[in-house]
Every structure is written in structure tokens, then in C-alpha cells.
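Close look at the chain arrangement
Spelled out from the first residue to the last, the chains are:
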2 protein chains.
Amino acid sequence: MQFLLEVVDILTNYVRKTFDRSTKVLDFHHPHQLLEGMEGFNLELCDQPESLEQILVDCRDTLKYGVRTGHPRFFNQLSSGLDIIGLAGEWLTSTANTNMFTYEIAPVFVLMEQLTLKKMREIIGWPNGEGDGIFSPGGAISNMYSVMVARYKHYPEVKIKGMAAAPRLVLFTSEHSHYSIKKASAVLGFGTENLILLKTDESDSCACYLVKWFCCVSAVQGFMPVFVNATAGSTVYGAFDPINEIADICEKYNIWLHVDGAWGGGLLMSRKHRHKLNGVERANSVTWNPHKMMGVPLQCSAILVREKGLLQGCNSMCAGYLFQPDKQYDVTYDTGDKAIQCGRHVDIFKFWLMWKSKGTIGFEKHIDRCLELSEYLYHKIKNREGYEMPQHTNVCFWYIPPSLRLLPDGEEKRQRLHKVAPKIKAMMMECGTTMVGYQPQGDKVNFFRMVVSNPAVTRSDIDFLIDEIERLGQDL
Amino acid sequence: MQFLLEVVDILTNYVRKTFDRSTKVLDFHHPHQLLEGMEGFNLELCDQPESLEQILVDCRDTLKYGVRTGHPRFFNQLSSGLDIIGLAGEWLTSTANTNMFTYEIAPVFVLMEQLTLKKMREIIGWPNGEGDGIFSPGGAISNMYSVMVARYKHYPEVKIKGMAAAPRLVLFTSEHSHYSIKKASAVLGFGTENLILLKTDESDSCACYLVKWFCCVSAVQGFMPVFVNATAGSTVYGAFDPINEIADICEKYNIWLHVDGAWGGGLLMSRKHRHKLNGVERANSVTWNPHKMMGVPLQCSAILVREKGLLQGCNSMCAGYLFQPDKQYDVTYDTGDKAIQCGRHVDIFKFWLMWKSKGTIGFEKHIDRCLELSEYLYHKIKNREGYEMPQHTNVCFWYIPPSLRLLPDGEEKRQRLHKVAPKIKAMMMECGTTMVGYQPQGDKVNFFRMVVSNPAVTRSDIDFLIDEIERLGQDL
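Keep in mind the model is a prediction, meaning the values are calculated, not measured.

Digging into the overall build of chain A
Helix and strand counts for chain A come out as 16 helices and 12 strands. For chain A, the C-alpha radius of gyration of 24 Å lies close to 23 Å, the compact-globule estimate for 476 residues. Based on the C-alpha atoms only, the size of chain A along its principal axes is roughly 65 × 60 × 45 Å. Here chain A holds 476 residues, and 67% of them are scored as buried. Summing over all exposed atoms, chain A offers an accessible surface of approximately 16,200 Å²; the carbon and sulfur share of this is 51%.

A few points about the environment of B:S185
Residue and element names in this part refer to chain B. When you line up the elements, S185 lands in helix α8 (residues 180–187). With 41 residues separating them in the primary sequence, S185 and M144 have C-alpha atoms 8.2 Å apart. Filtering out sequence-adjacent residues up to four positions away, S185 remains in contact with L171, F190, G191, T192 and L195.

What about the relation of the copies chain B and chain A?
Mapping chain B onto chain A calls for a rotation angle of 180° and an axial translation of 0.0 Å; the resulting RMSD is 0.0 Å. Both copies of the chain, as the preceding transformation shows, are related through a two-fold rotation axis. Closest to the rotation axis within chain B is the C-alpha of B:L188, separated from it by 2.1 Å. Most of the interface of chain B is mirrored in chain A: 100% of its interface residues are interface residues there too.

Some points on the domain arrangement of chain A
Residue and element names in this part refer to chain A. Splitting chain A by domain gives domain 1 (1–26 + 67–97 + 349–476) and domain 2 (99–345). Averaged C-alpha coordinates put domain 1 and domain 2 at centres separated by 28 Å. Listed as interface residues are 35 residues of domain 1 and, on the opposing side, 37 residues of domain 2. Where domain 1 abuts domain 2, roughly 3,200 Å² becomes buried across the two surfaces, and 67% of that area is made up of carbon and sulfur atoms. Applying the counting rule to domain 1 against domain 2 returns one salt bridge. E364 is paired through a salt bridge with R271; the nearest N and O atoms lie 2.5 Å apart. Taken together, the elements giving at least two residues each to the side of domain 1 that touches domain 2 come down to α4 (84–96), α12 (348–382), β11 (435–441) and β12 (444–450). If one sorts the elements of the side of domain 1 that touches domain 2 by residue count, α12 sits on top with 13 residues. When the residues that make up the side of domain 1 that touches domain 2 are grouped by side-chain class, the tally is 17 nonpolar, 11 polar and seven charged.

Cut-offs applied
Residues numbered from 1 in each chain as written. Chains lettered and ligands numbered in written order. Predicted model: local features only at pLDDT ≥ 70, side-chain atom pairs only at ≥ 80, totals over all residues. Heavy atoms only, no water. Helix = DSSP H or I, 4+ residues; strand = E, 2+ residues; numbered from the N terminus. Rg over C-alpha atoms; globule rule 2.2 N^0.38 Å. Buried < 20%, exposed > 50% of the residue type's maximum accessible area, 1.4 Å probe, protein only. Areas by Shrake-Rupley, 256 points an atom, 1.4 Å probe, with all protein chains shown as cover. Contact = heavy atoms within 4.5 Å. Least-squares fit on C-alpha atoms with pLDDT ≥ 70 in both. Domains from an automatic or database assignment. Buried area = accessible area lost by both parts, 1.4 Å probe. Salt bridge = Lys/Arg side-chain N within 4 Å of Asp/Glu carboxyl O. Nonpolar A, V, L, I, M, F, W, Y, C, P; charged D, E, K, R; others polar.

Spelled out as C-alpha cells, the structure:
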């Protein structure tokens, strides 16, 4: 127990330093450097045990060479920040070390999950919060659940007979949606060529293209549309598909509508911003990751389904050694048979505890503040020299070094600009001062994507990011 | 930070009491009792925040009404125990709060995973530990990976064209294998009727049935065998399929051989017991859950694949916003594109830290000790009045109350015996003294399944279990 308290000492010091802006975000080393053993940090596993003193050193080194994702200047991922209540919740979860599959061994956590999912369904707007849901290991798996459940709803015989029992099924999503929809189409046996990637027009709407598809193509024999994904908060731009327009089409043609709100779902907590998801209550299923915009520690992702019984019907295998019908309690509380997993990690407690601690209004304040900071950044760089950006919820932008500003638009400028963001990012990481994501998209060369989900971020951190980009990039 | 330390105080007290045998394993309540609010424990979520004092009370209540899976008398699941080093590792993991998909934000954890998987492959016996692998959210998902990779190896076009591009594929597993193989066949679009459940004979071998199938049925047009699962440590009996015999057939017919060692994989660490998995080095893939017999905290499951590149080929979608090719480091260290998840929880650190602390020999001692305790139990009840059991690695047995002992064998006895285990289990839970699993299997009525994976268990705890079963069951 003394050992555990010494680890706690290491961890609390780490947390304090993470919130201190004079601490580096990371101390970057290449893989081969770490593998060679930095200052005696030996990653290799041995036959003989190490002393507890050495284990403590290993813990310190692990943190030393890692990345401080809770640092106010870490903007690299949709998930960032380190909520202390959430962290305490996760420590309790590890200590309880149990499994969500039965009420028998996780009575409190199972009930917390049930109540929290109901609350989330109420917030989506389903009558009385009716429906179903489950926490899953991440948004990609949640999205996979949605495709599975859609298939089960329309072609339940596929569970037993396989895909051969269905016609050629096609799925729809916008070209800017998360790649997990494509992954699901490969995994589940649809095939990626049967996922139609809808173009988005100027205002990022894929609905009109969906309409066109149905007008022109659906008559082609053998194609059977079964699933449409509408993205609420795309990964790169933070764009929102027009759910109501898409829902009209889905209802007309009796197609499953899924809303991937992995990133944008958090906006449902804000009276000011939830209008971006107008129509979400018409979805058949929704992915919503509290571990993203709501700042809950990793991992915490929910798949919510409007119709009850489908998750169970789709996944149930009735394993006799876990889901005995002759238990002394009401076994409808056992959750395992609606999951694609057997054992399932307890992801609910940290979220439940944060909700208790902040209240619904606390999450609302957090969301409003994150969007306000994005807005601040947007206005800061809008008219600043050396920046270009398309307007979106996530602030996406190019920094154009002075040497490129006078170049005429064209292939040479594009190619040189493409290399700017990776170079600045690499320098940031070497310096350890801040981290922000970048990527190309479609015909756009590499640009930065700036997101705020960490409550510790202030305007000064946004200012710092811009100053740092200019400091590192001015001579490129 | 003061708050966090107060939570630590609650948690360390909880751990101390968990190891104290005078503490109850659980304080059982029915779902409706907990939902009604036990002694003010209110599970409902509210708009307004709660005070930190109340949050601490919530933490205490959550633990109070939960189940102590680390208690030396909790035998209910294949995963049990609470290793303090592993727990410290999990607390550090939560504090680091990062994601396995890129080296960029998890440099140390990514390398630990790589080295640990290599070590596991060496222990399996693959030359130089070559091959591939990934930690996944549980054994069911690991098994699903194996089926996916097998399909990709033989029918790579399915990824793009869907199951329609392949003939009617069939999968094989024994009737005693884990239900996740069946789940995978449903999820991936094979259909459960295309999973052939092989009977097992007296010595639990499914190999002879597999041979028969190939001799008699494979000629039937359109059936294409693609995957065989051999179980190393079945969930209920702890039985081992004869891997070498099955491998002979798989090699002859060029079929993917998977070994599901979720439960039994740990035996590979023991020179004394690893012979039960003889032939495992001939497998194309292996599932191995350190969170089971090796006592690592939940969750920690690995899928290991002999041929490199298949996981990547099967799952890769090349998402531009995560896996930029123009990063400054060697991007082959990014792991995300071989996963079916996008974000992936850090499951490696606690395992790595335990391995450092125990050494390979420490895991070996732990495994040997668990099996010795099972052996002790087996001999204890073998000739004891009122017990019957089939011989297996997991000790499975019926307790026959005195009132049933004189009954002639037959339907009445069977029906009454079927009710004994659930009744004793329910009483155990009400008393909170111990927990052990039970289930029916095939034509066998409900029997207890006793497994030991917790290092805190001693012979006295085994004695206690038997005494408790007799105390609770004698008047049934």
C-alpha cells in the first residue's frame, strides 16, 4: 500500500505540472532513441523481477517521455484535458476492477449506465428517453453497432444465414464523415465499394446529393439502400450535415438514419448550440462520445438506439455460463448479451461522477466556453496577415510563411504550402511547446485543425499557439 | 488535488478491506432497491452540481454496493484478484489519458505494446517472435479479429466487394468453445448457420469430428472451409483442444487455424503446464487474455497473428487526419490503422509494469500456484460425500444435498439437482460470503465452475468455499 501511495505522489506531481504552462507539452524522442534506452529507461521485459524502487523509476520515466494530453496547450486531438473528478472516477473504476456484462458483478455501474443512457436519450429528444443503448470502446465501434443494428432491423435473417440472405445492400455517408463508417462496411461484410460517399456542396450539405442518388440510381436493379449516416461534427471541419433534410429522405424510403455525433454530440448539452443538431430526434441511432467535447477521460462512447430490443436481438447468443435465466434478480438488467464484446470495461462511472459534480448546467457551460474560444481564434486570425481559412466549427487554417505570400497561386505555391504545416508541427514537437493537428482534405493541401475541448484552455493559450506558429514558421 | 487525495484515501481503505477475509464479498441488493435510493444513495443525474463532499459520499456508496472482485473468496469469474502493481499501472494510465492510435501521442505505450507483443509471440514459439498483433477490448473482439484476418488472407476482395465476392464460407469450432466465435460469425456477415459446431468426444477432442467433416461433407458443392478455432482452456471446463491434431488438418486443407487461449494462454508462461498447448506455434493466430489467468486488471487482451501485414491490410483505411505520411518520425510505429477501433484505450501499461515487477518467472509461479490450488480442490472433493464431478482443468462439480443423495438417477433427481446451484449461489450472494459461477452445459444440469486466478487465494479459502456450499445447501 505504501508503494501505491508513492505512485500517487508521482501522479499528483505530474498532474500539477501538466496544468503549469511552463512545463513542456512533451519531450520528443524518436522510436529508436527510446528503444535504445534513454538515460537507463529500459523497455525490455526480463525473466527476473525488478525492485519496487525500480518500478517507481519506470513509472516516472513513462510519464517523462509521454505526451501531456491535459496540458492547456495540447490541441492535437478531439479528446484533451484532464478533469480531476473524471480522473478520480477512473481510479475508482480501476480499483473496483469489474466487468459490465452482468448486474451480478457490477450492480451499481449497470444501473448508472442505464440511467445515464436514458438521460442522454431524453436530451436527444426521444419520447420519455425510451430506447436502448450501450457504452462501447470508442466511436468507431459505436458506429459499427449502428450499421449492424440497421442491418438486423431490415434483414434479421443475415444473423443466421449471412450476407448471402440479403440483396446487394448499400450504405451512405458524406465524403467528410469519419472513416469508421467505411471500416464498418468492410468489417461487416458489405464491402467498401457498397458504401456511397456523398459529395458535399458549399454549405457542406450532402442531402441534395442523397436526393439525386435516389432519383437517378435507386432504380438500378439489385441495389438496396439500408443505412444513411449523417455526421454531426465532422472530424476535420466540425461540419454538421442537415439532419432534417436527410431524415425526410430516410423516412420516405424507409432507411435507417444514424447520426454520428461522436464529436458534435456534446452540443446537445448547450441550449445555445444544440440547434446544429436539429432533427437528431428523428434518427434511429446516435453515436455520442462524452470523451471528446465533454472532456470525460478516455474512453467513453455511447451508441444510442431509438427502438428497444434491436441491440439484444442483433447480438444475443444466450451464453449459459453468464446469462443464467435462473438467477435470483431481474436478469433484464444484465447487459452483456446486447454487446459484441463479452467482457466490457466500466466506462460509465467517471462520466456519471462528472455529471453529478458539474450538473447538466456545468456541461453546458463547458461546451459554450469551448465554442467561444474557437470563435475567439476564428476572429483573431480572420484578418491577420499570413492566414487563410475556410469557415467551420473546428477552426481550420493555413499559415502562409512570408516567403510564400507573394507567390502567385498555382502548383508551386500549393506544393510548398503543403509542407508548411508538417514542418511547423515537427518543430513544435521538438520544442515541446504545443501540439495541434494537421491534414490534407480532398484537393486542399495540409492545413491546421484547431479544436478546444480542454476546460483549462484560456485565450492566452490560443494567443500562444498563434505566436508559436509564427515564430516557428516565419522563415520557412 | 486535495479532493483526489481524499478519493485515494477511500480507495486504499477499500483495497485493505478487500484483502481482509472478515469483509463481505458483496452487500447484495436488487435493482429496484438500489434504484429507490439506498440510505440516500441517489443514482439520478441532476441539472445542478453536487458539492465535493457529496461526490466523496457517492464514491464511498458506489464501492459499498459493488462487488469486491479482488476478495480472496470471489471465484465467480475467470478474471479476479487485484494486483497492486497492476492497479498502480492503471492509475498511471488514466492520468496519462492518451490514445494508442499514434506514436505521436503515446510514444512510450506504443513501444511497450510492441515489445510485449513480440515477447508473447516468442513464448508462443513463432521464430524470433516475428509476426503482428494488437491489444483489443476483450477476448471476444480478439477472436473477431482472427476471423476477419482469416477472411482477408483467403478472400482479400471481401474488404471491397463484400461477402458476395466469396463462396459460401464455413467456420469451425468445438461445441464447448466460447460464444464469441458464434458472435463473430453473425457480426462479420458469415451467418451463424455457417459456423459448424464440432462435437467433442470423451477426451474433449474435436479433431476427429473435424476429420470426419472433411472426409464426408467437404465435397458438397459450395462449402468453403476458411477458419478453424481450437480452444485452449474452454470457458466452462477449462478443456484444451488437441492443437497438433487440428493443425495437421488445417495444414492439409490450407485453412486458417486460430487458437483461442483467452483463458488458457497464461499456461504458456509455465514450463510445467504449457504442454497443454502443444502445437500452438502452428496456429495462424492466437487470442491470449492476460486479464484472466495472469491476474492483470481488466481489460487486457491480445490478438497475435503469425503473418505480418495482414492486420494492416485487412483494416487499413489510411485516414489522412491521423496517419499523415509526412510526420517527422517513423510512422510504421503508428498502430491505429490496423485496428477496427479508431481511438484505443491504453491496456498495455499495467501488464508491462506487472511483467517488470514479477519477471517472467513471477508469472510462472503465479500460474503454477493457481493450478495447484485447483488440484487441491479437485482432490478435496473427489471422494467427499455429496459431490460429483467430471474431471477438468476448471473444477466443475455438483453438490448433492443429503435429501437428493438417496434418490435414484432419473428425471426427478435431475430436475431437483438443476435447482441446487442457483439456490446456493443466491444464498451466497445474500450472505455476501463468497461467489462462484454455475451453469448447465449440454445435457448436464446446473453445476458449479470453480476457477482460481487471484494470487490472494489460499487453501483456507478453498476450504471455506466447500464448507459454505455445504452449510447453505445441506437442507435443500
